[in-house]
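Coordinates in review
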Amino acid sequence: MTRSANSSRSAEALPYRIELWHADSHEVIERVLARAVTAQLARAIFQAARDEHPQRRITLRKGNRILSDSTD
């Protein structure tokens, strides 16, 4: 089986991350829910995560920069 250049890209190379924060702390990320290659896709995933976890902090990040935060 061969892979194309796009499919061999590691998850860490995707620039956008959607993060679920620990329920008891705004200082600890519980897990990365998803990674995305485009801002449009990342924003759609962020909104879906907010809908699924309405009481939790969700962030959309590109690198070290937070682009959206559900607590804002």
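Residues numbered from 1 in each chain as written. Predicted model: local features only at pLDDT ≥ 70, side-chain atom pairs only at ≥ 80, totals over all residues. Heavy atoms only, no water.

1. Re the nonpolar core
- Core analysis: the largest hydrophobic core is formed by ten residues, namely Tyr 16, Ile 18, Leu 20, Ala 34, Ala 36, Ala 42, Phe 46, Ala 49, Ile 58 and Leu 60.
- Taken together, the elements giving at least two residues each to this core come down to strand S1 (16-21), strand S2 (29-36), helix H1 (39-52) and strand S3 (58-62). (Core = buried A, V, L, I, M, F, W, Y, C linked by side-chain atoms within 4.5 Å. Buried < 20%, exposed > 50% of the residue type's maximum accessible area, 1.4 Å probe, protein only. Helix = DSSP H or I, 4+ residues; strand = E, 2+ residues; numbered from the N terminus.)

2. Here we look at the pattern of salt bridges
- The final tally for this structure, using the stated rule, is four salt bridges.
- In this structure, the salt-bridge partner of Arg 17 is Glu 19, at a minimum N-O distance of 2.9 Å. The two residues Arg 17 and Glu 19 agree in class, both being buried.
- Two residues, Glu 30 and Arg 56, come together in a salt bridge whose shortest N-O distance is 2.5 Å. A residue pair is termed long-range when its members are at least 10 positions apart, and Glu 30 in strand S2 and Arg 56 in the loop between H1 and S3 qualify at 26 residues.
- Residue classification places Glu 30 among the partly exposed residues on the basis of a relative accessible area of 39%.
- Overall, the relative accessible area of 22% leaves Arg 56 in the partly exposed class.
- What emerges from the salt-bridge pattern is a single network uniting Arg 17, Glu 19 and Arg 61. (Salt bridge = Lys/Arg side-chain N within 4 Å of Asp/Glu carboxyl O.)

Taken by themselves, the reported measurements are silent on function.
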